[in-house]
Amino acid sequence: MSKHTVLFELGCEELPPKSLKTLRDALKAEVEKGLTSAGLNFSGIDAYAAPRRLALKITDLDAAQPDGQKRFDGPAVQAAYDSEGNATRALEGFLRSQGITADQVSRFNAGKMEKVCFYKDIKGQSLDELLPAILQTALDNLPIAKRMRSAASRTEFVRPVQWVVLLKDDQVIDATIQDFKAGNQTFGHRFHAPQAISLKHANDYLESLRAAHVVADFDERQGMISAQVKTLADEVNAQAIVPSDLLDEVTALVEWPVALRASFEQRFLAVPQEALISTMQDNQKYFCLVNEAGKLQPYFITVSNIDSKDPSQIIEGNEKVVRPRLSDAEFFFLQDQKQPLASRQAKLANMVFQAQLGTLWDKSERIAKLASEIAKLTDGDEASAKQAGLLAKCDLTSELVGEFPELQGIAGTYYARLEGQPDEVANAIAEQYLPRFAGDNLPQTKTGTALALADRLDTLVGIFGIGQAPTGNKDPFSLRRAAIGILRLLIENKLSISLSQLIELAAQGYGDKLKDIHKAQADALQFVEGRYRAMYEDQGVSVDVIQAVQGLNPASPLDFDYRIKAVSHFKTLPEAQALAAANKRVANILAKEGNVSGDVDASLLTEQAEKDLYQALQAISPVVTPLLQSHDYTPALTELATLRAPIDAFFDNVMVMADDAAVKQNRLRLLAELRALFISVADVSVLQ
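Definitions and limits used
- Residues numbered from 1 in each chain as written.
- Predicted model: local features only at pLDDT ≥ 70, side-chain atom pairs only at ≥ 80, totals over all residues.
- Heavy atoms only, no water.
- Helix = DSSP H or I, 4+ residues; strand = E, 2+ residues; numbered from the N terminus.
- Rg over C-alpha atoms; globule rule 2.2 N^0.38 Å.
- Contact = heavy atoms within 4.5 Å.
- Areas by Shrake-Rupley, 256 points an atom, 1.4 Å probe, with all protein chains shown as cover.
- Lys, Arg positive; Asp, Glu negative; His and termini not counted.
- Charge placed at Lys NZ, Arg CZ, Asp CG, Glu CD.
- Polar contact = N/O pair within 3.5 Å; in protein donor to acceptor, adjacent residues only side chain to side chain.
- Pairing = 2+ DSSP bridges.
- Axes fitted to C-alpha atoms, helices over the stretch in contact; angles between N-to-C directions.
- Left-handed = near helix turned anticlockwise from the far one by under 90°.
- Expected span 1.5 Å × (residues − 1).
- Buried < 20%, exposed > 50% of the residue type's maximum accessible area, 1.4 Å probe, protein only.
- Phe/Tyr/Trp six-rings, centres within 6.5 Å; stacked < 30°, edge-to-face > 60°.
- Salt bridge = Lys/Arg side-chain N within 4 Å of Asp/Glu carboxyl O.
- Parallel < 35°, antiparallel > 145°, perpendicular 65-115°, else oblique.
- Nonpolar A, V, L, I, M, F, W, Y, C, P; charged D, E, K, R; others polar.

### A look at the overall build of the protein chain
Link 1 in the chain: Along the protein chain, the regular secondary structure elements total 27 helices and 20 strands.
Link 2 in the chain: The globule rule puts the C-alpha radius of gyration for 688 residues at 26 Å, and the 36 Å found for the protein chain is more than 25% above it.
Link 3 in the chain: Counting only C-alpha atoms, the protein chain reaches 100 × 95 × 50 Å along its principal axes.
Link 4 in the chain: Considering only contacts within the protein chain whose residues lie at least 6 apart along the sequence, 68% involve residues at least 24 apart.
Link 5 in the chain: Counting every atom, the protein chain has about 32,700 Å² of accessible surface; 48% of that belongs to carbon and sulfur.
Link 6 in the chain: Both charge centroids of the protein chain, one from 73 positive and one from 91 negative side chains, sit 5 Å from each other.

This is the structure:
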């Protein structure tokens, strides 16, 4: 069967830049699905996307579907033939309906019944017949939130369609897609080369557009932008801040990228750089430049869609546009400084945190007290923690945060420094929101850690106390993220504090505001402990390892983490599988026998295998016990792994359920002692 190269291009008005990459990938996936479903083989699909086009090049595509057969089912064999083997009226009716004779009938098994059938040869449809519908279906299935109609057309798409190209090698496939007749004409850059371009062959697409100032390949355009931006940054000994989502958006805005470096006045650098970066990235789609220390430099890079003969005009235009935005940030920053942070507490008293839990000032007082209590437990400074707590939410009333909400905490840190607050207090105001997302940095100060814990714990206990726990996908107070933040803050800072103690301290801050304070504490504790699985699965820890530790319900997240690491290591040991099975066997035996207490009586040990196991336990216990006390669970489990041989020998040679009741009880005590050693780290019996 012959193979072909197919080019499909849908030309549009400018497509939404934040969706362009998604549309490209979805179109490719949908067409792949359609071709595969139709039985058309191909070697690959290259997907292209630019502001005014989505395109696919399909290589080595079959010219047609393979020929096949379709089965038409008739009556059961019993009903099709009489006792003498002649055709019944049922079979004759089937033959007439299919236009066939009795000698063309076949049989097949339909479950326990044998039926007659007719296999009809079906000729495969051609590529030209199949492809238009496959492409239209793919376009109809694209993830478009809001579709539009243009002019008199009733066909909808994300933006008005302007042209359609559909080529099979050098031939146009006769098709109408999105109400447009397919042809071989595409269009170049809107300004540099707006005239029509006739494509002679599907393979000419990229180069023909390149000659018309269009780089159709999204990834190639992105690579060009990254290289140009780096060159311009290097020229002023700076590094560009290039967030991936901003790079995607800029790539989707231009067909012919030309990066240009512009500048702004030095005086703006006195403004918090986060505000300047935010407005330049979000509003202007600029790449900001910083030095090696991460301090903003008075430059930015814009990516133009025009290769101008006089780039200085574009640069000056962008500098003119950005100046008012930076001036606004400067104005808000200077206005805010006229009012000290602490004086903003009165405004917080008028801002509701949650209707049943009071105002933001109520919350500030609670977290100030709670942060100072946590500072006691973490060797932090209680006074600094309390002061940071009282100032923590004050910047929410500032002009700068009103304009740039993402600067909450950051603005407060700047203002606290300007007012002469100690660095520990000032830095903690920004650090209270860390970590903001999975993998984010943690606070660097003890005060910041105490404040970050206090803020999350206060919200967690309060929301559970009023019965508004997260349900399904609804989590308006981001309690799941807060819970994982609490676990990370405790584990990664090596803080050996129990969750229940922290939650109890948080609950005390609410006084009588919570109806059932004990239920609130229990629910909050259960919720946070329920986050272990999600957190460790994200780290690649297997579920059975997590369950092995959860079975013990360690009070401290840090202790939980030590045990996770130990069991993960233990699982890699060659003895692990046998010891897990042995522990499961021991657990089942002890569960059936109920409470087994008391010490092993050495005089009742008669079999050599049970004597050997007893002696091994006696020898290993003084080695493992100090390791357990110091939370060195990994070496403890490694030591316990050496018990495999005596455990195997015991189960091979000793009958636990002896006829002599005293001997039986003694052997159960031996197993209970063995189980207690392993269970002191984790329930390894659940390991797969």
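### A closer look at the side chain of Ser556
Link 1 in the chain: Looking at where Ser556 falls in the secondary structure, it is placed in the loop between α21 (543-550) and α22 (557-571).
Link 2 in the chain: Among residues more than four places away in sequence, those in contact with Ser556 are Leu495, Ser496, Ile497, Ser498 and Tyr532.

### Remarks on unusual backbone geometry
For residues that are not glycine, phi is negative in most cases, and the peptide bond is trans in most cases.
Link 1 in the chain: Here the residue pair Leu434 and Pro435 is connected by a cis peptide bond, since its omega of -5° sits within 30 degrees of zero.
Link 2 in the chain: Structurally, Pro435 can be placed in the loop between α15 (423-431) and α16 (446-465).

### Observations regarding the environment of Gln284
Link 1 in the chain: Along the chain, Gln284 falls in the loop between α8 (273-282) and β17 (287-290).
Link 2 in the chain: One polar contact links Gln284 to Arg325, side chain to side chain, over a distance of 2.8 Å.

### Notes on the sheet that holds strand β3 (residues 53-62)
Link 1 in the chain: Spatially, β2-β3-β1-β9-β10 is the arrangement adopted by the five strands of the open sheet, whose pairing is antiparallel. A single partner strand is all that each edge strand has here, and the edge strands are β2 (44-50) and β10 (171-172).

### Some points on the packing of α15 against α16
Link 1 in the chain: Look at α15 against α16: their axes get within 8 Å of each other, and the N-to-C directions meet at 40°. In this structure, α15 meets α16 at a crossing whose hand is right-handed. Counted together, Glu424, Ala428, Ile429 and Glu431 of α15 and Lys446, Thr447, Gly448, Leu451 and Ala452 of α16 form the full contact between these two elements.

### Looking at the sheet that holds strand β15 (residues 239-240)
Link 1 in the chain: If you trace the four strands from one edge of the open sheet to the other, you get β15-β17-β18-β16, paired in antiparallel fashion. Two strands bound the open sheet, and with one partner strand each, they are β15 and β16 (258-263).
Link 2 in the chain: By the bridge criterion, three bridges tie β17 to strand β18 (residues 296-304) in an arrangement that is antiparallel. By the bridge assignment for β18, Cys288 is matched with Phe300.
Link 3 in the chain: The sheet contacts of helix α9 (residues 311-336) involve β16 and β18, and relative to β16 the element is tilted by about 55°.

### Description of helix α11 (residues 360-377)
Link 1 in the chain: When the terminal C-alpha atoms of α11 are compared, their 25 Å separation across 18 residues agrees well with the 26 Å that a helix rising 1.5 Å per residue should span.
Link 2 in the chain: Looking only at α11, the buried set comprises Leu360, Trp361, Lys363, Ser364, Arg366, Ile367, Ala368, Leu370, Ala371, Ser372, Ile374 and Ala375.
Link 3 in the chain: Buried residues along α11 sit in contact with α10 (345-348), β19 (352-354), β20 (358-359), α12 (382-391), α16 and α18 (499-508).
Link 4 in the chain: Where α11 begins, the capping side chain belongs to Thr359, and its oxygen is found 3.3 Å from the backbone nitrogen of Trp361.
Link 5 in the chain: Directly after α11, the chain includes Asp379, whose backbone phi takes a positive value near 60°.

### Regarding the packing of aromatic side chains
Link 1 in the chain: Counted by the stated rule, this structure contains 11 aromatic pairs.
Link 2 in the chain: Geometrically, the ring pair formed by Phe331 and Phe332 is edge-to-face, given 5.9 Å between the ring centres and 65° between the ring planes.
Link 3 in the chain: For Phe332, a relative accessible area of 16% gives the class buried.
Link 4 in the chain: A centroid spacing of 6.1 Å and a plane angle of 70° characterise the contact between Phe353 and Phe477, whose relative ring orientation is edge-to-face.

### Some points on the pattern of salt bridges
Pairs can form between side chains of opposite charge whenever their charged atoms are close.
Link 1 in the chain: For the structure on display, the rule yields 38 salt bridges.
Link 2 in the chain: The residue Glu330 makes a salt bridge to Arg267 at a minimum N-O spacing of 2.5 Å. Within this pair, whereas Glu330 is found in helix α9, its partner Arg267 is found in the loop between β16 and α8, the two being separated by 63 residues in sequence.
Link 3 in the chain: Given a relative accessible area of 16%, Glu330 falls into the buried group.
Link 4 in the chain: Residues joined in a network through salt bridges with shared partners are Lys363, Arg366, Lys393, Asp455 and Asp458.

### So, the side chain of Ser498
Link 1 in the chain: With respect to the secondary-structure elements, Ser498 resides in the loop between α17 (479-492) and α18.
Link 2 in the chain: In this structure the side chain of Ser498 is engaged in a polar contact, spanning 3.1 Å, whose partner is the backbone nitrogen of Gln501.
Link 3 in the chain: Apart from the residues within four sequence positions on either side, Ser498 is in contact with Ala555 and Ser556.

### Some remarks on helix α24 (residues 608-629)
Link 1 in the chain: The first and last C-alpha atoms of α24 sit 32 Å apart over 22 residues, in line with the 32 Å expected at 1.5 Å per residue.
Link 2 in the chain: Taken together, the buried positions of α24 are Ala609, Glu610, Leu613, Tyr614, Ala616, Leu617, Ile620, Val624, Leu627 and Leu628.
Link 3 in the chain: Where α24 is buried, its residues contact α25 (633-640), α26 (644-653) and α27 (661-679).
Link 4 in the chain: Just downstream of α24 lies His631, where phi reads positive at about 60°.

### Describing the pairing of β3
Residues in a regular strand project their side chains so that they alternate between the two faces of the sheet.
Link 1 in the chain: For β3, the tally of buried residues reaches eight of 10 residues, placing the bulk of the element in the interior.
Link 2 in the chain: Alignment of β2 against β3, held across seven bridges, turns out to be antiparallel. Bridge pairing in β3 links Tyr48 to Ala55.
Link 3 in the chain: Counted between consecutive antiparallel strands, the loop separating β2 from β3 contains two residues.

### Some words on the packing of α24 against α27
Link 1 in the chain: Contact pair α24 / α27: the axes reach a minimum separation of 11 Å and the direction vectors enclose 30°. By the angle between their axes, α24 is roughly parallel relative to α27. Viewed along their axes, α24 and α27 form a crossing whose handedness is left-handed. Contacts between α24 and α27 involve Glu610, Leu613, Tyr614, Leu617, Gln618, Ile620 and Val624 on the former and, on the latter, Arg667, Leu670, Glu673, Leu674 and Leu677.
Link 2 in the chain: Grouping the constituent residues of the contact of α24 with α27 by class yields eight nonpolar, one polar and three charged.

### With respect to the pairing of strand β9 (residues 161-168)
Link 1 in the chain: Taken across its eight residues, β9 has seven buried, putting it largely inside the fold.
Link 2 in the chain: Both strand β1 (residues 3-12) and β9 contribute to a ladder of seven bridges, which runs antiparallel. The residue bridging Phe8 from the neighbouring strand is Leu166, located in β9.
Link 3 in the chain: Here two bridges tie β9 to β10, and the two strands are oriented antiparallel to one another. Counterpart to Lys168 in the pairing with β10 is Gln171.
Link 4 in the chain: With antiparallel pairing between neighbouring strands as the criterion, β9 and β10 make up a hairpin whose turn holds two residues, including Asp169 at a positive phi of roughly 55°.

### Let's talk about the environment of Gln688
Link 1 in the chain: Inspection of the secondary structure assignment puts Gln688 in the segment after α27.
Link 2 in the chain: Those residues in contact with Gln688, other than ones at most four positions away along the chain, are Asp544 and Lys571.
Link 3 in the chain: Of the polar contacts made by the side chain of Gln688, one reaches the backbone oxygen of Val686; its length is 3.3 Å.

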